Each structure stands twice: as structure tokens, then as C-alpha cells.
Amino acid sequence: MNQTQAVAEQFTKFYYDTFDRNRTELASLYRDPSMLTFEGVQTQGVNSIVEKLVSLPFQKVAHRISTVDAQPSNPNNQSIVVTVTGQLLIDDETNPQMFTQTFNLIADGGSFWVYNDIFRLNYA
């Protein structure tokens, strides 16, 4: 496995484990220029993004990841584009919903932060 893919998989595991446990703890992954597009609605900045994630209309969520694909995205800085597909189990539902999420990660010292985050449910 190459380094880009390894970083993407580590990030993905951390992101969804944290999301499923306590969405407010995701704040450390975003910065003021970060942008979230959730189901077509854009939000910018750490506080606005966390507010959006916390306000989602469910109490419990479990992500089941199917695929994680990653590529370097900018030769001038260490950034990675990550696309994730999977299933969501929300509250006490038994039928999962399919989703796709894409992140643009920017290197910052020994870690990465989310510059872009695009989430979309996939309907058949």
C-alpha cells in the first residue's frame, strides 16, 4: 500500500469512528477556510461545519465503509483527495442508506486537515 492510500485509510477510520461516537470532536479536523457541502448545501468554517454536523436529525449513526480511494491532489503542497463509499445505519433503522463522501486533505506538520468535504446520499 502506498503512503497516500495509507494516510487516507487512517484518516477515514479516525473520521468515521469519531463521527459515530461524538460529532463535536470533529472540530479539530477543520479550519476557518474549510468548506462542507452536505446534500448540496454549503457551509464554511469550523464552527458552522460542526454546528451542521451536530444538528443532523438523528441520535445514533454507524458508518460501514465499503471503499476508500485516494490520490495526491497538488504537487505544490501535500494534499490528498479521498473518496469514500459506504452505508449508514441511522438510529434504529435496519435498512442502511448508501453514501459517498469526498475529502480534500491538506498537510499540516505531521497531520492533515479537511479543506473540502462533500457528502451525498446515493438513492437508487
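Residues numbered from 1 in each chain as written. Predicted model: local features only at pLDDT ≥ 70, side-chain atom pairs only at ≥ 80, totals over all residues. Heavy atoms only, no water.

## Side note on the layout of surface pockets
Keep this limit in mind: Cavity means a closed set of points on a 1 Å grid over the protein atoms alone, one where a 1.4 Å probe fits but cannot get out, pocket means an open set with protein on both sides within 12 Å along at least 5 of 7 lines, and lining means a residue has an atom within 4 Å of a point. Grid points are joined across faces, edges and corners, and a volume is the space filled by probe spheres set on the points. Only DSSP runs of H or I with at least four residues qualify as helices, and only runs of E with at least two residues qualify as strands; both kinds are numbered from the N terminus onward.
In this model, the largest pocket occupies a volume close to 240 Å³. Residue lining of the largest pocket: 14 residues in total, with Gln3, Val7, Gln78, Ile80 and Phe112 positioned closest to the centre. For the lining of the largest pocket, the elements supplying multiple residues, two or more each, are helix H1 (3–21), strand E4 (79–90) and strand E6 (111–122). Considering every element that reaches the lining of the largest pocket, the biggest residue donor is H1, with 3 residues.

## Some thoughts on the environment of Ile65
Defined as follows: Contacts are residue-level and defined by heavy atoms, with any inter-residue pair within 4.5 Å sufficient.
Within the element layout of this structure, Ile65 appears in strand E3 (residues 61–72). Sequence-wise, Ile65 and Thr12 are 53 residues apart; in three dimensions their C-alpha atoms are separated by 8.7 Å. Dropping the residues within four chain positions of it, Ile65 is found in contact with Thr12, Tyr16, Val84, Thr85, Gly86 and Phe99.

## Overview of the sheet that holds E3
Using the following cut-off: When DSSP finds two or more bridges between a pair of strands, those strands are recorded as paired. Only C-alpha atoms enter the line fits that serve as axes; for helices the fit covers just the stretch in contact. Angles between N-to-C directions range over 0 to 180 degrees.
Spatial ordering of the open sheet is given by E2-E1-E6-E5-E4-E3, a layout of 6 strands whose pairing is mixed. What marks the edges here is a single partner per strand, and that holds for strand E2 (41–44) and E3. With direction set aside, neighbouring strand axes in the sheet form an average angle of 15 degrees. Two strands pair when backbone bridges link them, and E4 and strand E5 (residues 97–108) are joined in this way by 10 bridges, in the antiparallel orientation. Considered in E5, the bridge of Val82 is made with Phe103.

## Structural notes on the UniProt feature "domain: NTF2" (unreviewed entry) in the protein
We count it as follows: UniProt positions are given in the numbering used here, feature names are shortened, and annotations may be inferred rather than shown by experiment.
The feature "domain: NTF2" (unreviewed entry), as given by UniProt, occupies residues 7–121 in the numbering adopted here. Annotated as residues 7–121, this span is 21% helix and 52% strand, and its ends, taken at the C-alpha atoms, are 24 Å apart.

## Remarks on the pattern of salt bridges
The following threshold applies: Salt bridges are defined as contacts in which a side-chain nitrogen from Lys or Arg sits within 4 Å of a carboxyl oxygen from Asp or Glu. In this scheme, a residue with accessible area under 20% of its type's maximum is buried, one over 50% is exposed, and one in between is partly exposed, where area comes from a 1.4 Å probe on protein chains only.
Tallied over the full model, the rule gives 5 salt bridges. Taking the shortest distance from any N to any O, the salt bridge between Arg31 and Asp108 comes out at 3.2 Å. In this pair, Arg31 sits in strand E1 (residues 30–38) while Asp108 sits in strand E5, placing the two residues 77 residues apart along the sequence. Judged by relative accessible area, Arg31 falls into the partly exposed class, the value being 28%. Here Glu39 and Arg120 are joined by a salt bridge, their closest N and O atoms 4.0 Å apart. Here the residue Glu39 occupies a position in the loop between E1 and E2, and Arg120 occupies one in strand E6, the gap between them amounting to 81 residues.

## Describing the nonpolar core
Definition in use: By nonpolar core we mean a set of buried residues, namely Ala, Val, Leu, Ile, Met, Phe, Trp, Tyr and Cys, connected to one another through side-chain atoms within 4.5 Å.
Within the largest apolar cluster, 31 residues are counted, with the highest numbers of intra-cluster contacts made by Tyr15, Phe19, Tyr30, Leu53, Val82 and Phe103. If you list the elements that add at least two residues to this core, you get H1, E1, helix H2 (46–54), E3, E4, E5 and E6. Considering every element that reaches this core, the biggest residue donor is H1, with 6 residues. The contacts of Val82, once residues within four sequence positions are left out, are Ala8, Thr12, Val68, Asp69, Ala70, Gln101, Thr102, Phe103 and Leu105.

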